[in-house]
Number of protein chains: 4
Amino acid sequence: MSTATTRLRVRFKETDQMGVVHHSEYPVWLEVARIEWLRDRGLSYRELEDSGISLAVSELEVTYRAAARFDDLLEVTTMLSESRSRRFTFDYRISRPADAVVIATATTRHVPTDRTGRAVRMPDDWLSALSVRVA
Amino acid sequence: MSTATTRLRVRFKETDQMGVVHHSEYPVWLEVARIEWLRDRGLSYRELEDSGISLAVSELEVTYRAAARFDDLLEVTTMLSESRSRRFTFDYRISRPADAVVIATATTRHVPTDRTGRAVRMPDDWLSALSVRVA
Amino acid sequence: MSTATTRLRVRFKETDQMGVVHHSEYPVWLEVARIEWLRDRGLSYRELEDSGISLAVSELEVTYRAAARFDDLLEVTTMLSESRSRRFTFDYRISRPADAVVIATATTRHVPTDRTGRAVRMPDDWLSALSVRVA
Amino acid sequence: MSTATTRLRVRFKETDQMGVVHHSEYPVWLEVARIEWLRDRGLSYRELEDSGISLAVSELEVTYRAAARFDDLLEVTTMLSESRSRRFTFDYRISRPADAVVIATATTRHVPTDRTGRAVRMPDDWLSALSVRVA
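The structure contained in this document is the topic of the report that follows.

Reading guide: rules and limits
- Residues numbered from 1 in each chain as written.
- Chains lettered and ligands numbered in written order.
- Predicted model: local features only at pLDDT ≥ 70, side-chain atom pairs only at ≥ 80, totals over all residues.
- Heavy atoms only, no water.
- Salt bridge = Lys/Arg side-chain N within 4 Å of Asp/Glu carboxyl O.
- Buried < 20%, exposed > 50% of the residue type's maximum accessible area, 1.4 Å probe, protein only.
- Contact = heavy atoms within 4.5 Å.
- Buried area = accessible area lost by both parts, 1.4 Å probe.
- Polar contact = N/O pair within 3.5 Å; in protein donor to acceptor, adjacent residues only side chain to side chain.
- Helix = DSSP H or I, 4+ residues; strand = E, 2+ residues; numbered from the N terminus.
- Nonpolar A, V, L, I, M, F, W, Y, C, P; charged D, E, K, R; others polar.
- Least-squares fit on C-alpha atoms with pLDDT ≥ 70 in both.

Remarks on the pattern of salt bridges
Point 1. Taken as a whole and assessed by the stated rule, the structure comprises 65 salt bridges over all chains.
Point 2. Among the salt bridges present, the one from D124 of chain A reaches R121 of chain A, with a minimum N-O distance of 3.0 Å.
Point 3. On the accessibility criterion, D124 of chain A (54% relative accessible area) is exposed.
Point 4. Take R121 of chain A: its relative accessible area is 45%, and that puts it in the partly exposed class.
Point 5. Linked by salt bridges that have partners in common, R9 and D71 of chain A together with E36 and R39 of chain C make up one network.

Structure (structure tokens):
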């Protein structure tokens, strides 16, 4: 119930000369998946940004388990694992359904900030939408 | 006199699975070179941006002549080829000094815009600095 | 009949500090759209690459008409406009259906190359699939 | 003695609409710094890649401490913190000398792999060059 699944097709641009996806592309996918997780709960990250609040990334951890390749269809499963007024943690699993391989697992921690980068409290409607999910 | 030369080393991330630099990385290098061209003339693009004006790209043309590879040392030669109050054109040549190969030639056209994206006139000090160069 | 339409949602990562999509992201979208155009015709670019042939980009032209923003849903319409055994040209229009705005128009030219970067003739099945479309 | 310092200027492309560098750009800088660390010790990552061996990233951890901005001059200090025949760990500190702010700290873990992605033993000259550094 607190998870969302996002499907992605690997872009040619995301590969490097090793013939696999470059490791720095994974955080971009995590961000796409996180924003879809929010959208599923009626929360528009675009509107939050327009109101002057961002969910800044304070920590990133990725464990790379198998290579992803150009044109692969991947699934990112996103789960909110911690929710406080000034700190949120998401866990992710990136997998390739075609052969049931787990490509990577990851965690991102976030701090709500205003446009000057100062930590702020989340808007109440966001807090209530987010807090329900972890309990 | 109206040219500047910027040196770059190709990053591993800039390659793709063909084993060469992906074509979408070239505009990033052109931007780095353009900003160095401005810096050479005492113009800080960071300050222009902070004042609310951007040199939005309105047109991009790149001709790819030879592949660039990871770890190559490249030179981007930048030249202002047109300068009006509301339109600027830069020409570029990307080369690899080690074997005197021309990697690409390119042109970018720019329109000064404010934060809403509306075309604006450049600040006078920028105009005078830029206009001298083409004459 | 020789066109394909690809839908994309703008990623947060694709924006820059002007608050709009960075101009270097457009070639990445064109590539995604071109590969979908091929897929629509039963041509797998992944298989072509695996066989050692790439459609290297020899020229790129983009005209930027309106800004694209984070979370925008965009459509890329792709059309093969020239097809020879050793040269292919695609034209593109990127638009935002929500307000019927044309974001950009673009052209890419391609040369089939082998793994050493030498120009080669396309495989016959590719040639016949591609040649029909332009006539 | 086992550290290297790499200087970088933040590219405009590396910013996002929050007005700061996007968090997915940091791993790209770490890679640049790691390759410079190797170069300082006479090890060419380009040659290792050409020989068919890569230092695949198996884990990535980044702690984001302060925002980096367009045009900032940054320093990445790189340190080899673990060295075995089939596993290497690097620690990093990204700082901004102008105001002595630490931007981020990070760790990457690596496994030497061949072109099929299988874990392999490092070449002896690499092992001896790397093993000295940690002791």
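A short note on the interface of chain D and chain A
Point 1. Taken together, the contact pairs 21 residues of chain D with 21 residues of chain A.
Point 2. Here chain D meets chain A over a buried area of about 1800 Å², counting both sides, of which 54% is carbon and sulfur.
Point 3. Ranking the residues of chain D by area buried against chain A places M18, H23 and L60 of chain D at the top, with a combined share of 28%.
Point 4. Summed over the shared surface of chain D and chain A, the result is eight residue pairs in polar contact (both at pLDDT 80 or more).
Point 5. With ten residues, the top contributor of residues to the side of chain D that touches chain A is strand 2 (residues 54–64) of chain D.
Point 6. Considered class by class, the residues forming the side of chain D that touches chain A number eight nonpolar, eight polar and five charged.

Let's talk about the interface of chain B and chain D
Point 1. Each side of the interface is counted separately: chain B has 20 residues, and chain D has 20 residues.
Point 2. Between chain B and chain D lies a buried interface of about 1800 Å² when both sides are counted; carbon and sulfur atoms form 53% of it.
Point 3. The largest per-residue losses of area from chain B upon contact with chain D belong to R11, F12 and R46 of chain B, which jointly make up 36% of the total buried on that side.
Point 4. Where chain B meets chain D, there are eight salt bridges.
Point 5. A salt bridge links R39 of chain B to D71 of chain D, with the nearest nitrogen and oxygen atoms 2.9 Å apart.
Point 6. Summed over the shared surface of chain B and chain D, the number is ten residue pairs in polar contact (both at pLDDT 80 or more).
Point 7. Taken together, the elements giving at least two residues each to the side of chain B that touches chain D come down to strand 1 (3–9), helix 1 (26–40) and helix 2 (45–50) of chain B.

What about the relation of the copies chain D and chain A?
Point 1. The operation relating chain D to chain A is a screw motion whose rotation component is 180 degrees, with 0.0 Å of axial translation and a residual RMSD of 0.0 Å. The transformation just described matches what one would write down for a two-fold rotation axis. Taking the C-alpha atom as reference, chain D places E61 of chain D closest to the rotation axis, 2.2 Å from it.
Point 2. The overlap is high: 100% of the interface residues of chain D also sit at the interface in chain A, so the same surface is used on both sides.

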